[in-house]
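Structural features, examined
Spelled out from the first residue to the last, the chains are:
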Amino acid sequence: MIYESRLAERVLDLPQSMTHRQLELLEKFHLPTRRHSHWDVEALLEVMYRDKKNLSGQFRFMLPKTLGDMTLVDQVPRDLLVDVLQ
């Protein structure tokens, strides 16, 4: 969830305050907020590549525009995903 929010910051200009708000809420309930350091980014991308939302080999995401308002974002560049997941 946090990584999708960070991606939305980059793609949709979601305010960082929204990501911070989500982070605080998830932490309050002791939910995960970051990937484990031993999870390889390339391996994660391989799994994400097989997601049912992807179309013709392109990454697609439902990203927040604002709190409670999502939009489908097509053709998210792989290098942007790598940057966000690092």
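Scoring rules and cut-offs
- Residues numbered from 1 in each chain as written.
- Predicted model: local features only at pLDDT ≥ 70, side-chain atom pairs only at ≥ 80, totals over all residues.
- Heavy atoms only, no water.
- Salt bridge = Lys/Arg side-chain N within 4 Å of Asp/Glu carboxyl O.
- Helix = DSSP H or I, 4+ residues; strand = E, 2+ residues; numbered from the N terminus.
- Buried < 20%, exposed > 50% of the residue type's maximum accessible area, 1.4 Å probe, protein only.
- Core = buried A, V, L, I, M, F, W, Y, C linked by side-chain atoms within 4.5 Å.
- Contact = heavy atoms within 4.5 Å.
- Pairing = 2+ DSSP bridges.

What to know about the pattern of salt bridges
A pair can form between side chains of opposite charge whenever their charged atoms are brought close. This model, assessed by the stated rule, comprises 4 salt bridges. Between Arg 10 and Asp 83 there is a salt bridge whose closest N-O contact spans 2.7 Å. Residue Arg 10 is located in helix 1 (residues 2-12), and its partner Asp 83 is located in helix 4 (residues 78-85); the two are separated by 73 residues in the primary sequence. Look at Asp 83 and you get partly exposed, because its relative accessible area is 43%.

Quick look at the nonpolar core
Side chains that are nonpolar tend, in soluble globular proteins, to be buried together. With 16 residues, the main nonpolar core has Leu 7, Leu 45, Phe 59, Phe 61, Leu 63, Val 76 and Leu 81 as its most contacted residues. Where this core is concerned, the elements lending two or more residues are helix 1, helix 3 (41-49), strand 1 (59-66), strand 2 (69-76) and helix 4. Considering every element that reaches this core, the biggest residue donor is helix 4, with 4 residues. Not counting the four nearest positions on each side in its chain, Leu 7 is found in contact with Phe 61, Leu 63, Val 76, Leu 80, Leu 81 and Val 84.

Details of the pairing of strand 2
Alignment of strand 1 against strand 2, held across 6 bridges, turns out to be antiparallel. Across the sheet, Pro 64 pairs through a bridge with Met 70, a residue of strand 2. The hairpin turn running from strand 1 into strand 2, its antiparallel successor, is 2 residues long, and Gly 68 in that turn takes a positive phi close to 85°.

Comments concerning the environment of Val 84
With respect to the helices and strands, Val 84 occurs in helix 4. Distance from Val 84 to Arg 6, taken between C-alpha atoms, is 6.8 Å for residues 78 residues apart in sequence. Other than its neighbours up to four places away in sequence, Val 84 contacts Tyr 3, Arg 6, Leu 7 and Arg 10.

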